[in-house]
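What follows is the residue order along each chain.
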Amino acid sequence: MLSRTMDVCVVGAGVIGLSTAVALQERMPSPTGCRVTIVRDRSHRHTDSYGSGGQVVPFAPAGIPTHIGKQWAKDSSDHFFGLAFSAQAGEAGVSLVSGFQLTDNDEKPIYLDSVINVKKMDLEDVRRFGRSFKHGYIATCPLVELPVYMDWLMAKFLSKGGKVVQRHIDSFEELSGDYDVIVNCTGMGSRKLANDPLLRPMRGQVLHLKAPWVKNFVRVDATMHVFPFRDSVFVGSVKQLDNENMALSPDDSEFILKRAQEVFPPLKGARVMYEWVGMRPQRNPMRVEAETVMTKEGKPLKIVHNYGHGSFGISLSWGVGVYAAKIVEDILKEQNPRSKL
């Protein structure tokens with residue numbers, strides 16, 4: 001409990017920003033906790049997160065202390081499995097889907113340790129697919145439809161008294177004096193706002209197909225996956241580092257579709273409904289940490305960064321949001337020495 005209500009600003013309204021904002025509200029609810037405002041330069045429906053795929057494959061990322069990375073993965077896994085098994089599953093856009101993980105690697109994909117009903121496939125069954133793979137696994141995991149899930153997160157944020165401000169900023173210093181802590185969830189915007197040379201764009205492109213007969217996911221790696229959603233089948237993708245071209249590429253679409261049909265022939269009867277391009281904020285390591293910067297007036301500005309999750313943004317979104325909220329809570333308690341722990 002804090003000695004007074006504090007003001008926290010989350011900059012950015014992608015899935016990381018929305019998750020962090022809701023996690024802050026749940027960790028430090030008003031009136032004795034904090035008021036949370038989201039500052040964004042565009043609607044959450046126009047962020048790169050909104051068109052992304054959403055298979056939850058939580059794992060401890062490289063470059064992060066193992067105990068912290070494992071906690072991110074566990075918190076995210078618990079959150080999405082909890083939603084998938086709850087009465088809120090439909091409105092949150094989270095469903096339990098069984099499917100197939102195919103691989104040529106002798107090691108089991110690490111994310112399978114965080115999902116359920118995992119079973120090694122017989123080689124005879126693996127060979128039923130259109131390409132020869134060495135190994136296959138059957139598993140059940142949450143699939144998240146980002147448009148539905150992000151709308152649900154925004155509605156939850158507003159229902160808890162959250163405020164949204166439409167505003168473009170060129171510097172965090174523009175927010176100095178209005179908030180006790182700023183949380184940076186701007187994704188690729190952090191290249192400029194946080195002056196971060198380690199942050200790199202990773203272009204992705206996906207297809208949505210009309211294939212209602214497809215009920216299972218099929219995954220080969222981070223770039224080849226098939227996810228059955230309620231109104232379409234999501235097929236991806238490409239990972240093109242340092243490519244910032246947001247135009248649709250017919251060559252990429254042809255490559256994605258041909259590869260998916262080669263692996264999973266039932267897609268050959270599917271019609272392309274629409275295509276989508278997005279930019280993943282890639283950083284090694286991911287950045288979730290506090291920083292104090294000095295304003296031009298010589299005043300300290302407390303910033304908590306939460307960005308650079310690349311193609312694993314949705315899988316780790318809740319875990320890193322909870323972790324960032326805990327950092328904010330610790331900062332606010334330092335600023336309120338009379339706070340009760």
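Cut-offs used in this document
- Residues numbered from 1 in each chain as written.
- Predicted model: local features only at pLDDT ≥ 70, side-chain atom pairs only at ≥ 80, totals over all residues.
- Heavy atoms only, no water.
- Core = buried A, V, L, I, M, F, W, Y, C linked by side-chain atoms within 4.5 Å.
- Buried < 20%, exposed > 50% of the residue type's maximum accessible area, 1.4 Å probe, protein only.
- Helix = DSSP H or I, 4+ residues; strand = E, 2+ residues; numbered from the N terminus.
- Contact = heavy atoms within 4.5 Å.
- Pairing = 2+ DSSP bridges.
- Phe/Tyr/Trp six-rings, centres within 6.5 Å; stacked < 30°, edge-to-face > 60°.

A. Highlighting the nonpolar core. Core analysis: the biggest nonpolar cluster contains 50 residues, and L24, Y149 and V328 have the highest contact counts within it. Among the secondary structure elements, those contributing two or more residues to this core are β1 (6-11), α1 (15-27), β2 (34-40), α2 (66-84), α5 (146-159), β7 (181-184), β13 (271-294) and α8 (313-335). Per-element accounting of this core gives the leading share, 10 residues, to α8. Look past the residues within four positions of L24 in its chain and what remains in contact with it is V8, V10, C34, V36, V183, A325 and V328.

B. The arrangement of the pairing of β7 in detail. Of the two faces of β7, the one carrying V181 and V183 and the one carrying I182 and N184 are both buried. Looking at chain direction, β1 and β7 are connected through four bridges and run parallel. Among the inter-strand pairings, C9 is bridged to a residue of β7, identified as I182. Of the pairings in the sheet, the one linking β7 to strand β14 (residues 300-309) comprises three bridges and is parallel in character. If you follow I182 over to β14, its bridge partner there is I303.

C. Examining the environment of C9 more closely. Considering the arrangement of structural elements, one finds C9 in strand β1. Distance from C9 to D151, taken between C-alpha atoms, is 20 Å for residues 142 residues apart in sequence. In this structure, C9 is in contact with T37, V39, L175, Y179, V181, I182 and V183, ignoring residues within four places of it in sequence.

D. Structural context of the packing of aromatic side chains. One pass over the full model with this rule turns up nine aromatic pairs. Where Y149 meets W152, the ring centres are 5.9 Å apart and the plane angle is 25 degrees; that geometry is what we call stacked. Of this pair, Y149 and W152 both sit in helix α5, separated by three residues, roughly a single helical turn. Each of the two residues, Y149 as well as W152, counts as buried.

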